[in-house]
Amino acid sequence: MKNIVIIGASGHGNVVLDIIEKEADFNVIGFIDTYKHKCRLANGYQILGTEEELPYLIDKFNITAGIVAIGDNWIRKKVVDKITEIVPNFEFVSSAHPQAVIGRDVTIGVGTIIMPGAIINSNAQIGDFCIVNTNASLDHDSVMANYSSLAPRASTGGHVNLGAFSAICLGASVIEGITIGTHTVVGAGAVVVNHIDSHVVAYGSPSQVVRERQEGEPYLAKSKDSKSEMVVIHKSKERSTL
Ligand SMILES: CC(C)(COP(=O)(O)OP(=O)(O)OC[C@H]1O[C@@H](n2cnc3c(N)ncnc32)[C@H](O)[C@@H]1OP(=O)(O)O)[C@@H](O)C(=O)NCCC(=O)NCCS
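Residues numbered from 1 in each chain as written. Predicted model: local features only at pLDDT ≥ 70, side-chain atom pairs only at ≥ 80, totals over all residues. Heavy atoms only, no water.

Draft legend 1. Spotlight on the overall build of the protein chain. If you tally the helices and strands in the protein chain, you get 4 helices and 24 strands. Its C-alpha radius of gyration of 18 Å places the protein chain within 12% of the 18 Å reference for a compact globule of 242 residues. Seen along its three principal axes, the alpha-carbon backbone of the protein chain occupies a region of about 50 × 35 × 35 Å. Residue burial in the protein chain is summarised as follows: out of 242 residues, 50% are buried. The contacts in the protein chain between residues at least 6 apart in sequence include a share of 34% that link residues at least 24 apart. Accessible surface computed for the protein chain: about 11200 Å², of which carbon and sulfur atoms make up 52%. Charge centroids of the protein chain, computed over 20 positive and 25 negative side chains, lie 9 Å from each other. (Helix = DSSP H or I, 4+ residues; strand = E, 2+ residues; numbered from the N terminus. Rg over C-alpha atoms; globule rule 2.2 N^0.38 Å. Buried < 20%, exposed > 50% of the residue type's maximum accessible area, 1.4 Å probe, protein only. Contact = heavy atoms within 4.5 Å. Areas by Shrake-Rupley, 256 points an atom, 1.4 Å probe, with all protein chains shown as cover. Lys, Arg positive; Asp, Glu negative; His and termini not counted. Charge placed at Lys NZ, Arg CZ, Asp CG, Glu CD.)

Draft legend 2. Here's a closer look at the nonpolar core. Counting 28 residues, the largest nonpolar core has Val132, Leu150 and Ile168 as its most contacted members. Apart from residues lying up to four places away in sequence, Leu150 is in contact with Ile131, Val132, Asn133, Ala136, Ser137, Leu138, Met144, Thr156, Leu162 and Ile168. Grouped together as the second largest cluster of nonpolar side chains are 23 residues, Leu48, Ile70, Val79 and Phe129 included. (Core = buried A, V, L, I, M, F, W, Y, C linked by side-chain atoms within 4.5 Å.)

Draft legend 3. A look at the site of the ligand. Of all residues adjacent to the ligand, which total 13 residues, the nearest are Cys169, Leu170, Ala188, Tyr203 and Arg211. A distance of 2.7 Å separates an oxygen atom of the ligand from a polar backbone atom of Ala188. Between the ligand and Tyr203 there is a distance of 2.4 Å, counted from an oxygen atom to a side-chain nitrogen or oxygen. (Near = heavy atom within 4 Å. Polar contact = N/O pair within 3.5 Å; in protein donor to acceptor, adjacent residues only side chain to side chain.)

Draft legend 4. Region of interest: the environment of Ile19. Mapped onto the elements of the fold, Ile19 is located in helix 1 (residues 11–23). Given the relative accessible area of 1%, Ile19 is considered buried. Along the chain, Ile19 and Met115 lie 96 residues apart, while their C-alpha atoms are 7.1 Å from each other. Discounting chain neighbours no more than four positions away, the residues touching Ile19 are Ser95, Ala96, His97, Ile113, Ile114, Met115 and Pro116.

Draft legend 5. Local environment of the packing of aromatic side chains. Going through the model one piece at a time under the given rule, you end up with 5 aromatic pairs. Aromatic pair Phe90 and Phe92: ring centres 5.1 Å apart, planes at 70 degrees, arrangement edge-to-face. For Phe90, a relative accessible area of 10% puts it in the buried group. Centroid distance Phe129 to Tyr147: 5.1 Å. Interplanar angle 15 degrees. Geometry classified as stacked. One end of the pair, Phe129, is in the loop between strand 11 (125–126) and strand 12 (131–132); the other, Tyr147, is in the loop between strand 14 (143–144) and strand 15 (149–150), with 18 residues separating them in the sequence. Comparing Phe129 with Tyr147, the two get one shared label, buried. Here the aromatic cluster, defined as three or more aromatic residues joined through ring pairs, consists of Trp74, Phe90, Phe92, Phe129, Tyr147 and Phe165. (Phe/Tyr/Trp six-rings, centres within 6.5 Å; stacked < 30°, edge-to-face > 60°.)

Draft legend 6. Looking closely at the sheet that holds strand 2 (residues 26–32). With mixed pairing, the 5 strands of this open sheet are ordered in space as 3-4-2-1-5. The open sheet has two edge strands with one neighbour each: strand 3 (41–42) and strand 5 (65–68). In this fold helix 3 (residues 73–86) packs onto strand 1 (2–7) and strand 5, with an angle of close to 155 degrees to the strand it touches most, strand 5. (Pairing = 2+ DSSP bridges. Axes fitted to C-alpha atoms, helices over the stretch in contact; angles between N-to-C directions.)

Draft legend 7. Here's a closer look at the environment of Cys39. Examined against the element boundaries, Cys39 turns out to sit in the loop between strand 2 and strand 3. Along the primary structure Cys39 and Gly49 are separated by 10 residues, whereas in three dimensions their C-alpha atoms are 7.6 Å apart. Excluding residues within four positions of it along the chain, Cys39 makes contact with Gln46 and Ile47.

Draft legend 8. Looking closely at helix 2 (residues 54–61). When helix 2 is considered as a whole, its buried residues turn out to be Leu54, Leu57, Ile58 and Phe61. Down the axis of helix 2, the buried side of the element spans an arc of 105 degrees, and every buried residue falls inside it. When the buried face of helix 2 is taken as reference, the exposed residues oriented beyond 90 degrees from it are Tyr56, Asp59 and Lys60. Elements in contact with the buried residues of helix 2: strand 1, strand 2, strand 4 (45–49) and helix 3. Once helix 2 finishes, Asn62 follows within two positions and takes phi at roughly 55 degrees, a positive value. (Arc of directions from axis to C-beta.)

So far we have only geometry, and geometry alone does not tell us how the molecule works.
This is the structure in C-alpha coordinates:
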(Lines give C-alpha, C1' and ligand atoms only; values in the text may rest on other atoms or scores of the structure.)
Protein backbone atom coordinates (compact mmCIF):
# COMPACT_ATOMS: atom_id res chain seq x y z
CA MET A 1 0.00 0.00 0.00
CA LYS A 2 1.35 3.43 -0.96
CA ASN A 3 2.34 5.89 1.76
CA ILE A 4 0.69 9.21 0.96
CA VAL A 5 0.34 12.71 2.36
CA ILE A 6 -2.72 14.95 2.25
CA ILE A 7 -1.80 18.49 1.27
CA GLY A 8 -4.16 20.86 3.09
CA ALA A 9 -5.28 20.26 6.69
CA SER A 10 -8.53 22.23 6.56
CA GLY A 11 -12.09 20.94 6.94
CA HIS A 12 -11.94 19.82 3.30
CA GLY A 13 -8.69 18.00 4.11
CA ASN A 14 -10.42 16.12 6.90
CA VAL A 15 -13.20 15.02 4.54
CA VAL A 16 -10.56 13.81 2.09
CA LEU A 17 -8.85 11.93 4.93
CA ASP A 18 -12.14 10.22 5.74
CA ILE A 19 -12.61 9.19 2.10
CA ILE A 20 -9.08 7.80 1.86
CA GLU A 21 -9.46 5.87 5.11
CA LYS A 22 -12.75 4.37 3.93
CA GLU A 23 -11.40 3.57 0.47
CA ALA A 24 -8.45 1.84 2.21
CA ASP A 25 -6.15 1.94 -0.84
CA PHE A 26 -3.49 4.17 0.72
CA ASN A 27 -1.64 4.55 3.99
CA VAL A 28 -1.91 8.16 5.19
CA ILE A 29 1.32 9.37 6.80
CA GLY A 30 0.12 12.86 7.71
CA PHE A 31 -0.75 16.31 6.40
CA ILE A 32 1.30 18.95 4.62
CA ASP A 33 0.19 22.52 5.34
CA THR A 34 2.00 25.80 4.91
CA TYR A 35 -0.23 27.77 7.25
CA LYS A 36 -0.62 25.43 10.21
CA HIS A 37 1.96 24.66 12.85
CA LYS A 38 4.16 21.67 12.23
CA CYS A 39 3.69 18.78 14.68
CA ARG A 40 0.10 19.80 15.46
CA LEU A 41 -2.52 17.16 14.94
CA ALA A 42 -5.29 17.37 12.38
CA ASN A 43 -7.88 14.63 12.92
CA GLY A 44 -5.28 12.58 14.74
CA TYR A 45 -2.61 12.86 12.03
CA GLN A 46 0.45 15.01 12.35
CA ILE A 47 1.05 18.10 10.26
CA LEU A 48 4.47 17.07 8.97
CA GLY A 49 5.60 20.37 7.47
CA THR A 50 5.28 22.54 4.40
CA GLU A 51 5.48 21.84 0.66
CA GLU A 52 9.11 23.02 0.73
CA GLU A 53 9.93 20.23 3.17
CA LEU A 54 8.47 17.53 0.92
CA PRO A 55 11.81 16.22 -0.48
CA TYR A 56 13.05 15.57 3.06
CA LEU A 57 9.70 14.14 4.22
CA ILE A 58 9.46 11.86 1.18
CA ASP A 59 12.80 10.28 2.13
CA LYS A 60 12.06 10.15 5.83
CA PHE A 61 8.64 8.47 5.58
CA ASN A 62 8.95 6.68 2.26
CA ILE A 63 6.10 8.78 0.85
CA THR A 64 5.33 7.86 -2.75
CA ALA A 65 2.32 10.05 -3.57
CA GLY A 66 -0.16 12.61 -2.28
CA ILE A 67 -3.47 14.32 -2.80
CA VAL A 68 -4.16 18.05 -2.71
CA ALA A 69 -7.17 18.69 -0.46
CA ILE A 70 -7.95 22.33 -1.18
CA GLY A 71 -11.52 23.27 -2.06
CA ASP A 72 -10.86 26.43 -4.12
CA ASN A 73 -10.17 25.42 -7.73
CA TRP A 74 -7.56 28.10 -8.42
CA ILE A 75 -5.66 27.73 -5.14
CA ARG A 76 -5.61 23.95 -5.71
CA LYS A 77 -3.83 24.56 -9.02
CA LYS A 78 -1.31 26.91 -7.41
CA VAL A 79 -0.47 24.27 -4.83
CA VAL A 80 -0.21 21.48 -7.44
CA ASP A 81 2.14 23.70 -9.49
CA LYS A 82 4.25 24.49 -6.44
CA ILE A 83 4.60 20.83 -5.48
CA THR A 84 5.47 19.87 -9.05
CA GLU A 85 8.19 22.52 -9.03
CA ILE A 86 9.64 21.25 -5.75
CA VAL A 87 9.24 17.52 -6.56
CA PRO A 88 8.92 17.20 -10.37
CA ASN A 89 7.98 13.50 -10.38
CA PHE A 90 5.52 13.71 -7.47
CA GLU A 91 2.58 11.35 -8.01
CA PHE A 92 -0.92 12.68 -7.35
CA VAL A 93 -3.58 10.10 -6.56
CA SER A 94 -7.35 10.33 -6.90
CA SER A 95 -9.84 9.00 -4.39
CA ALA A 96 -13.53 8.04 -4.46
CA HIS A 97 -15.67 7.35 -1.40
CA PRO A 98 -17.00 3.77 -1.42
CA GLN A 99 -20.53 5.18 -1.31
CA ALA A 100 -20.10 7.16 -4.51
CA VAL A 101 -21.77 5.55 -7.54
CA ILE A 102 -19.60 5.51 -10.63
CA GLY A 103 -21.18 4.30 -13.88
CA ARG A 104 -19.63 2.33 -16.71
CA ASP A 105 -16.93 3.83 -18.92
CA VAL A 106 -16.44 6.81 -16.65
CA THR A 107 -12.92 8.27 -16.71
CA ILE A 108 -11.46 10.05 -13.70
CA GLY A 109 -8.19 12.00 -13.84
CA VAL A 110 -5.37 12.22 -11.33
CA GLY A 111 -5.80 14.20 -8.13
CA THR A 112 -9.60 14.13 -8.37
CA ILE A 113 -11.81 13.57 -5.31
CA ILE A 114 -15.26 11.98 -5.43
CA MET A 115 -17.22 12.47 -2.22
CA PRO A 116 -19.87 10.30 -0.52
CA GLY A 117 -23.20 10.05 -2.29
CA ALA A 118 -21.88 11.46 -5.57
CA ILE A 119 -23.31 9.84 -8.70
CA ILE A 120 -21.38 9.87 -11.95
CA ASN A 121 -23.25 8.30 -14.81
CA SER A 122 -22.03 6.38 -17.86
CA ASN A 123 -19.43 7.81 -20.20
CA ALA A 124 -18.82 10.92 -18.12
CA GLN A 125 -15.26 12.25 -18.20
CA ILE A 126 -13.77 13.95 -15.17
CA GLY A 127 -10.40 15.65 -15.64
CA ASP A 128 -7.46 16.08 -13.29
CA PHE A 129 -7.72 17.73 -9.86
CA CYS A 130 -11.52 18.04 -9.91
CA ILE A 131 -13.94 17.78 -6.98
CA VAL A 132 -17.32 16.04 -7.17
CA ASN A 133 -18.70 16.93 -3.78
CA THR A 134 -21.22 15.27 -1.44
CA ASN A 135 -24.38 14.07 -3.22
CA ALA A 136 -23.45 15.89 -6.43
CA SER A 137 -24.57 14.29 -9.66
CA LEU A 138 -22.83 14.39 -13.04
CA ASP A 139 -25.00 12.80 -15.66
CA HIS A 140 -24.10 10.68 -18.67
CA ASP A 141 -21.62 11.90 -21.29
CA SER A 142 -20.86 15.06 -19.34
CA VAL A 143 -17.32 16.41 -19.15
CA MET A 144 -15.60 18.21 -16.29
CA ALA A 145 -12.35 19.86 -17.40
CA ASN A 146 -9.30 19.97 -15.14
CA TYR A 147 -9.67 21.85 -11.83
CA SER A 148 -13.45 22.18 -12.13
CA SER A 149 -15.87 21.31 -9.33
CA LEU A 150 -19.41 20.38 -8.39
CA ALA A 151 -20.39 21.52 -4.88
CA PRO A 152 -22.65 19.46 -2.58
CA ARG A 153 -25.99 18.57 -4.27
CA ALA A 154 -25.06 20.32 -7.52
CA SER A 155 -26.42 18.35 -10.45
CA THR A 156 -26.17 18.26 -14.21
CA GLY A 157 -28.18 16.66 -16.97
CA GLY A 158 -26.44 14.62 -19.64
CA HIS A 159 -23.90 16.05 -22.13
CA VAL A 160 -22.98 19.05 -19.97
CA ASN A 161 -19.49 20.53 -20.49
CA LEU A 162 -17.94 22.31 -17.55
CA GLY A 163 -14.83 24.35 -18.35
CA ALA A 164 -11.52 24.33 -16.52
CA PHE A 165 -11.54 26.04 -13.09
CA SER A 166 -15.30 26.54 -13.20
CA ALA A 167 -17.48 25.77 -10.19
CA ILE A 168 -21.12 24.77 -9.91
CA CYS A 169 -22.02 25.83 -6.38
CA LEU A 170 -24.26 24.31 -3.70
CA GLY A 171 -27.48 22.80 -5.01
CA ALA A 172 -27.30 24.40 -8.47
CA SER A 173 -28.76 22.49 -11.43
CA VAL A 174 -27.65 22.53 -15.05
CA ILE A 175 -29.99 21.16 -17.69
CA GLU A 176 -28.74 18.74 -20.33
CA GLY A 177 -26.50 19.79 -23.19
CA ILE A 178 -25.26 23.02 -21.59
CA THR A 179 -21.69 24.30 -22.02
CA ILE A 180 -20.15 26.42 -19.29
CA GLY A 181 -16.88 28.22 -20.04
CA THR A 182 -13.68 28.39 -18.02
CA HIS A 183 -13.21 30.26 -14.69
CA THR A 184 -16.97 30.70 -14.35
CA VAL A 185 -18.91 30.35 -11.09
CA VAL A 186 -22.55 29.25 -11.07
CA GLY A 187 -23.95 30.45 -7.72
CA ALA A 188 -25.72 28.35 -5.13
CA GLY A 189 -29.25 27.28 -6.06
CA ALA A 190 -29.05 28.43 -9.68
CA VAL A 191 -30.96 26.71 -12.48
CA VAL A 192 -28.91 26.92 -15.67
CA VAL A 193 -30.93 26.65 -18.88
CA ASN A 194 -28.61 28.47 -21.34
CA HIS A 195 -24.90 28.20 -22.17
CA ILE A 196 -22.69 30.37 -19.96
CA ASP A 197 -19.47 32.07 -21.13
CA SER A 198 -16.06 31.99 -19.51
CA HIS A 199 -15.01 34.34 -16.68
CA VAL A 200 -18.46 35.22 -15.31
CA VAL A 201 -20.59 34.72 -12.20
CA ALA A 202 -24.16 33.59 -12.86
CA TYR A 203 -27.01 32.71 -10.51
CA GLY A 204 -30.79 32.70 -10.12
CA SER A 205 -33.57 30.65 -11.67
CA PRO A 206 -33.30 30.72 -14.61
CA SER A 207 -29.68 31.74 -14.11
CA GLN A 208 -28.46 35.13 -15.34
CA VAL A 209 -24.90 36.35 -15.73
CA VAL A 210 -24.52 38.95 -12.97
CA ARG A 211 -20.93 40.05 -13.45
CA GLU A 212 -17.51 39.29 -14.87
CA ARG A 213 -15.00 37.28 -12.92
CA GLN A 214 -11.21 37.33 -12.85
CA GLU A 215 -9.09 34.18 -12.69
CA GLY A 216 -8.55 33.15 -9.10
CA GLU A 217 -11.24 35.39 -7.59
CA PRO A 218 -12.45 33.74 -4.34
CA TYR A 219 -15.91 32.17 -4.42
CA LEU A 220 -15.94 30.16 -1.18
CA ALA A 221 -16.54 31.64 2.27
CA LYS A 222 -13.42 31.94 4.41
CA SER A 223 -12.63 28.86 6.48
CA LYS A 224 -13.31 28.89 10.21
CA ASP A 225 -10.92 25.98 10.65
CA SER A 226 -8.32 27.72 12.78
CA LYS A 227 -10.77 27.62 15.70
CA SER A 228 -11.99 24.07 15.11
CA GLU A 229 -8.42 22.88 14.66
CA MET A 230 -7.68 23.87 18.27
CA VAL A 231 -10.54 21.66 19.44
CA VAL A 232 -9.27 18.76 17.35
CA ILE A 233 -5.78 19.14 18.78
CA HIS A 234 -7.06 18.79 22.32
CA LYS A 235 -9.40 15.90 21.61
CA SER A 236 -7.36 13.72 19.27
CA LYS A 237 -4.91 10.98 20.02
CA GLU A 238 -1.95 10.70 17.67
CA ARG A 239 -2.50 8.09 14.97
CA SER A 240 0.43 8.97 12.74
CA THR A 241 3.17 6.42 12.21
CA LEU A 242 5.67 8.93 13.64
C1 LIG B 1 -21.77 33.06 -6.46
C2 LIG B 1 -21.45 33.46 -5.05
C3 LIG B 1 -19.96 33.22 -4.81
C4 LIG B 1 -21.80 34.92 -4.75
O5 LIG B 1 -21.31 35.78 -5.75
P6 LIG B 1 -21.10 37.37 -5.54
O7 LIG B 1 -21.23 38.02 -6.85
O8 LIG B 1 -19.81 37.55 -4.82
O9 LIG B 1 -22.34 37.78 -4.67
P10 LIG B 1 -22.41 38.63 -3.31
O11 LIG B 1 -22.20 37.71 -2.16
O12 LIG B 1 -21.52 39.86 -3.41
O13 LIG B 1 -23.92 39.10 -3.34
C14 LIG B 1 -24.39 40.05 -4.27
C15 LIG B 1 -25.90 39.98 -4.35
O16 LIG B 1 -26.30 38.77 -5.01
C17 LIG B 1 -27.12 37.97 -4.14
N18 LIG B 1 -26.68 36.59 -4.30
C19 LIG B 1 -25.45 36.07 -4.03
N20 LIG B 1 -25.43 34.77 -4.35
C21 LIG B 1 -26.64 34.45 -4.82
C22 LIG B 1 -27.21 33.26 -5.30
N23 LIG B 1 -26.49 32.12 -5.36
N24 LIG B 1 -28.49 33.28 -5.73
C25 LIG B 1 -29.22 34.41 -5.68
N26 LIG B 1 -28.72 35.60 -5.23
C27 LIG B 1 -27.46 35.61 -4.81
C28 LIG B 1 -26.82 38.47 -2.73
O29 LIG B 1 -27.90 38.23 -1.87
C30 LIG B 1 -26.60 39.93 -2.99
O31 LIG B 1 -27.84 40.55 -3.14
P32 LIG B 1 -28.08 42.07 -2.68
O33 LIG B 1 -27.14 42.91 -3.51
O34 LIG B 1 -29.52 42.30 -2.97
O35 LIG B 1 -27.73 42.11 -1.23
C36 LIG B 1 -22.33 32.65 -4.04
O37 LIG B 1 -23.69 32.76 -4.41
C38 LIG B 1 -22.01 31.19 -4.03
O39 LIG B 1 -22.65 30.40 -4.71
N40 LIG B 1 -21.00 30.75 -3.21
C41 LIG B 1 -20.50 29.40 -3.21
C42 LIG B 1 -21.19 28.52 -2.18
C43 LIG B 1 -20.72 27.11 -2.33
O44 LIG B 1 -21.05 26.40 -3.25
N45 LIG B 1 -19.94 26.63 -1.38
C46 LIG B 1 -19.40 25.29 -1.51
C47 LIG B 1 -19.14 24.68 -0.18
S48 LIG B 1 -18.38 23.12 -0.41
